[in-house]
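Here is how the chains run, residue by residue.
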Amino acid sequence: MLSSSAPDRLALLAELRRKTGAAPPVMSARPERTAPTGSDALDQLLAGGLARGRLTELIGRRSSGRTALGLSALAAATRRGETVALVDVDGAFDPRSALACGLDLARL
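Residues numbered from 1 in each chain as written. Predicted model: local features only at pLDDT ≥ 70, side-chain atom pairs only at ≥ 80, totals over all residues. Heavy atoms only, no water.

### Looking at the overall build of the protein chain
Stated formally: We count a stretch as a helix when DSSP gives it H or I for four or more residues in a row; a strand needs E for two or more, and each element gets its number in order from the N terminus. Only protein chains enter the accessibility calculation, which uses a 1.4 Å probe. A residue is then buried if its area is under 20% of the maximum for its type, exposed if over 50%, and partly exposed in between. Note on contacts: a residue pair is in contact if any heavy atoms of the two residues lie within 4.5 Å. Reported accessibility uses the Shrake-Rupley method at a 1.4 Å probe radius. Residues are deemed covered only where the shown protein chains occlude them.
Across its full length, the protein chain carries 4 helices and 2 strands. Residues counted as buried form 22% of the 108 residues belonging to the protein chain. Intrachain contacts of the protein chain at a sequence separation of at least 6 include 44% that bridge at least 24 residues. Of the accessible surface of the protein chain, which amounts to about 7600 Å², a share of 54% is contributed by carbon and sulfur atoms.

Written as structure tokens, this is what we have:
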């Protein structure tokens, strides 16, 4: 299990950056409200999940899992009955892939 201390989170982020080439997330103080991503380990790393009421940009190398992570987080939210938004700057959204990840398209 991951430790919830800030130094441990920073070390893990550095390791993820080394392995994927992705820039670490910009982390300010812990947000008051978070949305669980559907991944317990990631939620612990992010101190509870993604910040509610803010945009989250997923960046990284090609085939690093950005789309899968994003769709999984959106699917987790729609399973909780929440409505979600996706900003698709590349115009590459694939509804079939989203459905395969469990995303409720009626809540998108």
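Anyway, onward from the coordinates.
### Quick notes on the side chain of Asp43
Basically, it comes down to this: His is not counted here, nor are the chain ends, while Lys and Arg score as positive and Asp and Glu score as negative. Any carboxyl oxygen of Asp or Glu within 4 Å of a side-chain nitrogen of Lys or Arg constitutes a salt bridge here.
Relative to the helices and strands, Asp43 resides in helix α2 (residues 40-45). Put simply, Asp43 is tucked away with no salt bridge, and the nearest opposite charge, on Arg80, sits 6.8 Å away. Apart from residues no more than four positions distant in its own chain, Asp43 is found in contact with Pro36, Thr37, Gly38, Gly48 and Gly49.

### Some details on the nonpolar core
Note the cut-off: Only buried Ala, Val, Leu, Ile, Met, Phe, Trp, Tyr and Cys residues count toward a nonpolar core, and they belong to the same one when joined by side-chain atoms within 4.5 Å.
Within the largest apolar cluster, 7 residues are counted, these being Leu71, Leu74, Ala75, Ala77, Val84, Ala98 and Leu103. Of the residues forming this core, the biggest block, 4 residues, is contributed by helix α3 (residues 66-79). In contact with Val84, not counting residues within four places along its chain, are Leu74, Ala77, Thr78, Leu103, Arg107 and Leu108.

### Details of the confidence of the model for the protein chain
A low pLDDT score tells you not to read the predicted coordinates there in detail. Worth spelling out the cut-off: Confidence scores labelled pLDDT are given residue by residue by the predictor and lie between 0 and 100.
For the protein chain, per-residue confidence averages 82 on the pLDDT scale, and 77% of positions sit at 70 or higher. Looking across the protein chain, the model is least confident in helix α1 (residues 6-20), with a mean pLDDT of 69, and most confident in helix α4 (residues 95-100), with 96.

### Topic: unusual backbone geometry
Positioned with a positive phi, Ala47 is a non-glycine residue whose angle comes to about 60°. Positive phi is not limited to glycine here, since Ser63 has a value of about 65°.

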